[in-house]
Amino acid sequence: MAESAMAATLTRHPFTIDAHGRAQLNRAIARVRTSSLRQFLLELLADIELRKRLLLRSADHDPVALMTAAANYASANPQITPREKEALHTAALVARVPDLLWESACLLESPNLLDGPQLVIRLGTALRSALNQLETRDPPNGWLVRNAVGLGVYEDQNDHKAWHAARLQAVVALAWSQAGAARCTDALPRRAALRIVARDQRVH
């Protein structure tokens, strides 16, 4: 398999791509029972170069473990409604992927891997497409996911929708803080990384 062959070239580094990481990511996606949300994740994470970066892990660097932990914390938050649960799980799973890509690029350089900036640009393109398709297939969940990752209602809008969007984003941010704390590591910084790569993007 291409991923395994690529990992074999990294013998000088304590990083690996193995069946555990792939199975963990597949379980996180399969846990989403709503077909439109599951399809959104499959479309967004279909890029093999993106998956290589996310599946690379070591003793103190495990992007997929952080993603799945954050998704679990978000869906277990008592402040969300049952209707929001799967959408928040989905949004939290991918909300900090740009940060993870940058972190991986800083930790490991390899001619077999695209660097952080290239992948973040590709992620922005994939995210726009996946969100648009989700909103076409399932407008309510599309709205929830888009706003939970900070790409929907503008913050200066003073109405109920803006408040709702801010609440969703707070749930995702808290989930990532909890995931980081649970692994005795600093949580990834809360920044609107997805907004940077997907809104008003000029690179096509």
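A few words on the overall build of the protein. Helix and strand counts for the protein stand at 11 helices and 0 strands. Shown N-terminal to C-terminal, the secondary structure of the protein runs as helices and strands in the order α-α-α-α-α-α-α-α-α-α-α. For the protein, the proportion of its 204 residues judged to be buried stands at 52%. Within the protein, counting contacts between residues at least 6 apart in sequence, those at least 24 apart form 73% of the total.

Buried residues dominate helix α4 (residues 48–55), accounting for 7 of its 8 residues. For α4, the full list of buried residues reads E49, L50, R51, K52, R53, L54 and L55. Two or three places before E49, at the opening of α4, D47 has a side-chain oxygen 2.9 Å from that residue's backbone nitrogen.

This brings us to the side chain of S36. If you trace the backbone, S36 turns up in helix α3 (residues 35–44). Residue S36 is classed as buried on the basis of its relative accessible area of 8%. Polar contacts involving the side chain of S36 include one to the side chain of D138, which spans 2.7 Å. If we ignore the near neighbours within four places in the chain, the residues touching S36 are L134, R137, D138 and N141.

Take the packing of α3 against helix α6 (residues 85–94) next. Look at α3 against α6: their axes get within 10 Å of each other, and the N-to-C directions meet at 10°. In this view, α3 runs roughly parallel relative to α6, as classed from their interaxial angle. The segment α3 lies against α6, with L37, F40, L41 and L44 engaging E86, A87, T90, L93 and V94. Of the residues assigned to the contact of α3 with α6, the class counts are 7 nonpolar, 1 polar and 1 charged.

Below, the discussion takes up the confidence of the model for the protein. When pLDDT is averaged along the protein, the result is 79; 72% of the residues meet or exceed 70. Across residues 1–13 the pLDDT falls below 50, and counting only partners more than four positions away or on other chains, this stretch makes 20 contacts in the model. Note on residues 185–204: pLDDT under 50 across the span, and 47 contacts to partners over four residues away in sequence or across chains.

To continue, consider the pattern of salt bridges. What the rule picks out here adds up to 4 salt bridges. Put simply, R137 and E43 hold a salt bridge, and the shortest N to O gap is 3.2 Å. One end of the pair, R137, is in helix α8 (residues 116–137); the other, E43, is in helix α3, with 94 residues separating them in the sequence. Here R137 falls in the partly exposed class, since its relative accessible area comes to 38%. Across the salt bridge formed by R167 and E84, the nearest N and O atoms sit 2.4 Å from each other.

Thresholds applied
Residues numbered from 1 in each chain as written. Predicted model: local features only at pLDDT ≥ 70, side-chain atom pairs only at ≥ 80, totals over all residues. Heavy atoms only, no water. Helix = DSSP H or I, 4+ residues; strand = E, 2+ residues; numbered from the N terminus. Buried < 20%, exposed > 50% of the residue type's maximum accessible area, 1.4 Å probe, protein only. Contact = heavy atoms within 4.5 Å. Polar contact = N/O pair within 3.5 Å; in protein donor to acceptor, adjacent residues only side chain to side chain. Axes fitted to C-alpha atoms, helices over the stretch in contact; angles between N-to-C directions. Parallel < 35°, antiparallel > 145°, perpendicular 65-115°, else oblique. Nonpolar A, V, L, I, M, F, W, Y, C, P; charged D, E, K, R; others polar. pLDDT = per-residue confidence, 0-100. Salt bridge = Lys/Arg side-chain N within 4 Å of Asp/Glu carboxyl O.

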